[in-house]
Amino acid sequence: MGEVLTWVISFLILITLVGLIVYQLISLADLEFDYINPYDSASRINSVVLPEFILQGVLCVFYLVTGHWFMALLCVPYLYYNFNLYSKRHHLIDVTEIFNLLDWEKKKRLFKLAYIILTLFLTIFWLIYSTLDDYED
């Protein structure tokens, strides 16, 4: 039962990460189609960037603590990328440069979304596997 709980918690964290990244993509799309001004778009995105980084770090540490080494290793490149962005102070969007970097910011978030969805599918697989394994015992 503990294994299933681990995967459920992981699933919830990953769904939250997907929601944060989709929110950022929607804000960038609204900016691209001129539904929102650059200041509002940048402030919306910048308000959820740090929680996204923290949640990803918590997920990686959670995998390490629970002994899921493969999933922890899968999270390390994304965590390292986030750490580099934060340490170089490139994690926040600049209001004055947002139109110049709009395509790059969208591609970056689409890549993050694909990476998180891959991790989400693996988590769903292990959740189902753990549930069926507990059911057999």
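Residues numbered from 1 in each chain as written. Predicted model: local features only at pLDDT ≥ 70, side-chain atom pairs only at ≥ 80, totals over all residues. Heavy atoms only, no water.

On to a nonpolar patch on the surface. Taken together, the side chains of Leu50, Ile54, Val58 and Tyr86 make up a nonpolar region of the molecular surface, amounting to roughly 350 Å² of accessible area. By residue number, the principal contributor to the nonpolar patch is helix H2 (residues 38-66), which donates three residues. Counting through the fold element by element, Leu50 comes out in helix H2. (Patch = residues over 30% accessible without salt bridge, like charges linked within 9 Å, V, L, I, M, F, W, Y side chains within 5 Å. Areas by Shrake-Rupley, 256 points an atom, 1.4 Å probe, with all protein chains shown as cover. Salt bridge = Lys/Arg side-chain N within 4 Å of Asp/Glu carboxyl O. Helix = DSSP H or I, 4+ residues; strand = E, 2+ residues; numbered from the N terminus.)

Take the side chain of Lys112 next. By secondary structure assignment, the location of Lys112 is in helix H4 (residues 102-136). Classification of Lys112 by relative accessible area gives buried; the value is 4%. A polar side-chain atom of Lys112 sits 3.2 Å from a polar atom in the side chain of Glu52. Not counting residues within four places of it along the chain, the set of residues in contact with Lys112 comprises Ile21, Glu52, Phe53, Tyr78, Tyr81 and Asn82. (Buried < 20%, exposed > 50% of the residue type's maximum accessible area, 1.4 Å probe, protein only. Polar contact = N/O pair within 3.5 Å; in protein donor to acceptor, adjacent residues only side chain to side chain. Contact = heavy atoms within 4.5 Å.)

Attention now goes to H2. Over its 29 residues, H2 extends 42 Å from the first C-alpha to the last, a length consistent with the 42 Å expected when each residue adds 1.5 Å. Directly beyond the C-terminal end of H2, a positive phi value near 85° is found at Gly67. (Expected span 1.5 Å × (residues − 1).)

Under the local residue numbering, the UniProt record ascribes the feature "transmembrane region" (unreviewed entry) to residues 7-26, 53-81 and 110-129. Secondary structure across residues 53-81 divides into 93% helix and 0% strand, with the first and last C-alpha atoms of the span separated by 10 Å. Taken end to end, residues 110-129 comprises 100% helix and 0% strand; its first and last C-alpha atoms sit 28 Å apart. (UniProt positions renumbered as here; feature names shortened; annotations may be inferred.)

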